[in-house]
Amino acid sequence: MRQILSMHAESADDTSGNSRDRVTIRLRPEVAIDPGRIRRNFYTSSSCGVCGKLAIGAIEVRPAIPMRQSGPQFRADLIYRLPDLLRRAQDTFDRTGGLHAAALFSPEWALLGLREDVGRHNAVDKLIGFALRDGTVPLGDSLILVSGRAGFELVQKSVMAAIPVLAAVGAPSSLAVEVAQRFGMTLVGFLRGQRFNIYSGNWRIE
């Protein structure tokens, strides 16, 4: 602590609404540091989107495709069955028992695509990449289901593809709920058995 002259929290982007997400530390003049030892370089990344970013404001997305607000609607009895449909389609999970999955469904229960990976965000990236390659993005008539919790990065990735409904078998983070509400997305969490919670956009659930 004798090397520190001052320390205070501040926002890196005053327009983002995120306060105190960066800490500035000023060292005493006689303290020497080597910037090369603390530099973080990322030439390419398949991460969740947070790694290498200075502050929360730096990871906010600005989608080029607006979220469709006129529909679609998904029946609750369909949503109850989605985790079982996802699990039965996970071929690699059957062999390894250690993968997350993300899947796209239509309002008529059709499985539009499924991808697996050790990371939730990678599975979503693969799935949206598959849809982009097939020319079906924006995905305004689909629901994306993820096998774990709903982190805000999964919501942001889905928003970028204009997917109106995201359902997760686990819990959403508070930031995930905020992002879903901001973009008018329906966010479902704790999808287990004959129950789930709706955190945003309940009008898309019949």
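Data block above holds the structure.
These notes cover the structure that comes with them. The shown structure was predicted, so the numbers you read here are calculated from the model rather than taken from an experiment.

## Quick notes on the sheet that holds strand β8 (residues 195–200)
Piece 1. Reading across from one edge, β4-β3-β5-β6-β7-β8 is the order of the 6 strands in this open sheet, with mixed pairing throughout. Edge positions in the open sheet fall to β4 (111–117) and β8, since each of these has one partner strand only. In this sheet, neighbouring strand axes are inclined to one another by 20 degrees on average, regardless of whether the strands run parallel or antiparallel.
Piece 2. Against the sheet, helix α2 (residues 76–88) engages β3 (100–105), β4, β5 (143–146), β7 (186–192) and β8, with an angle of about 140 degrees to β3.
Piece 3. Across the sheet, helix α6 (residues 174–183) is in contact with β7 and β8; its angle to β8 comes to roughly 60 degrees.

## Here we look at the pairing of β3
Piece 1. Across the 6 residues that make up β3, a large majority, 5, are buried.
Piece 2. Relative to β4, β3 is paired through 6 bridges, and the arrangement is antiparallel. Considered in β4, the bridge of Ala 102 is made with Arg 115.
Piece 3. In sequence, β3 turns back onto β4 through a hairpin of 5 residues, with Trp 109 there showing a positive phi of about 80 degrees.
Piece 4. The sheet contact formed by β3 and β5 spans 4 bridges and is antiparallel. Bridging across to β5, Ala 102 finds its partner in Val 146.

## Considering the pattern of salt bridges
Piece 1. Across all of its chains, the model carries 6 salt bridges by this definition.
Piece 2. The salt bridge partner of Arg 68 is Asp 141, with a shortest N-O separation of 2.1 Å. Residue Arg 68 is found in the loop between α1 (35–38) and α2, and its partner Asp 141 is found in the loop between α4 (120–133) and β5; the two are separated by 73 residues along the sequence.
Piece 3. In this structure Asp 141 comes out as partly exposed when scored by relative accessible area, which is 45%.
Piece 4. Here Asp 117 makes a salt bridge to Lys 126, at a shortest N to O gap of 2.8 Å.
Piece 5. By relative accessible area, Asp 117 is classed as buried at 13%.
Piece 6. With a relative accessible area of 38%, Lys 126 lands in the partly exposed category.

## What about the environment of Arg 28?
Piece 1. With respect to the helices, strands and loops of the structure, Arg 28 is situated in the loop between β2 (22–27) and α1.
Piece 2. Classification of Arg 28 as partly exposed rests on a relative accessible area of 34%.
Piece 3. Each C-alpha atom of the pair Arg 28 and Gln 3 lies 5.7 Å from the other, and the pair is 25 residues apart in sequence.

Rules behind the numbers
- Residues numbered from 1 in each chain as written.
- Predicted model: local features only at pLDDT ≥ 70, side-chain atom pairs only at ≥ 80, totals over all residues.
- Heavy atoms only, no water.
- Pairing = 2+ DSSP bridges.
- Helix = DSSP H or I, 4+ residues; strand = E, 2+ residues; numbered from the N terminus.
- Axes fitted to C-alpha atoms, helices over the stretch in contact; angles between N-to-C directions.
- Contact = heavy atoms within 4.5 Å.
- Buried < 20%, exposed > 50% of the residue type's maximum accessible area, 1.4 Å probe, protein only.
- Salt bridge = Lys/Arg side-chain N within 4 Å of Asp/Glu carboxyl O.

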